[in-house]
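# Summary of structural features
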Amino acid sequence: MAENKSKFSFLNNIHLHLGAIGILTVVLWYASGHSITFSDLTNAIAGIPLLVVAFLWLFDVGVDTGKVYSKIANKYTGLVSSIFFMLFFGAFTGIIYALLITAGASASAVTILTAMVFAFIVVMPRTGTSVWILYVWLAATIVTGGSHFVLIPAAFSGVM
């Protein structure tokens, strides 16, 4: 019986999959509507200070290990659960956007898209136990040759 359950685990978590598709749809719709290229996104991600990346990863770990998802998934079903995840995505996008602006990013469509990418990673279950946020940042930093590397944001270090 356990063998069959694992084959149908996709159907048991369909609300998570539909929520992920919805979030990706919002991210791609926003990017296509504002003519944001992958080059713009890569440069924006690489420009995030390492201290902020570490903070975002800790935030992701806190969300995933805090049992937020299991409490919602166990209490609510299907559509209601997906709506909660979409609300979390919107809230996390706003928080991360504000953090990026505080760290010195310009208020632009690329910054919003960058916040959406990292909010998506935070909202997805079980990503905090791995370092996906660091992986995305490292890949962008390698692609740009480290030209945007900043350890501590100027706003946080007192140097403006």
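The structure contained in this document is the topic of the report that follows. (Residues numbered from 1 in each chain as written. Predicted model: local features only at pLDDT ≥ 70, side-chain atom pairs only at ≥ 80, totals over all residues. Heavy atoms only, no water.)

## So, the packing of helix H7 (residues 78-102) against helix H8 (residues 109-123)
Viewed as axis vectors pointing N to C, H7 and H8 meet at an angle of 130°, and their least axial separation amounts to 8 Å. Between H7 and H8, the angle falls in the class oblique. The crossing of H7 and H8 is right-handed. Judged by residue contacts, Phe 85, Phe 88, Phe 89, Phe 92, Thr 93, Ile 96, Tyr 97, Leu 100 and Ile 101 of H7 engage Thr 111, Ile 112, Thr 114, Ala 115, Met 116, Phe 118, Ala 119, Phe 120, Val 122 and Val 123 from H8. A class-by-class count of the residues in the contact of H7 with H8 yields 16 nonpolar, three polar and no charged. (Axes fitted to C-alpha atoms, helices over the stretch in contact; angles between N-to-C directions. Helix = DSSP H or I, 4+ residues; strand = E, 2+ residues; numbered from the N terminus. Parallel < 35°, antiparallel > 145°, perpendicular 65-115°, else oblique. Left-handed = near helix turned anticlockwise from the far one by under 90°. Contact = heavy atoms within 4.5 Å. Nonpolar A, V, L, I, M, F, W, Y, C, P; charged D, E, K, R; others polar.)

## Focus on the environment of Thr 37
Tracing the backbone through its elements, the reader meets Thr 37 in the loop between helix H3 (14-33) and helix H4 (38-46). Its relative accessible area of 41% is what places Thr 37 among the partly exposed residues. Taking the C-alpha atoms as reference, Thr 37 lies 8.8 Å from Val 110; in sequence the two are 73 residues apart. (Buried < 20%, exposed > 50% of the residue type's maximum accessible area, 1.4 Å probe, protein only.)

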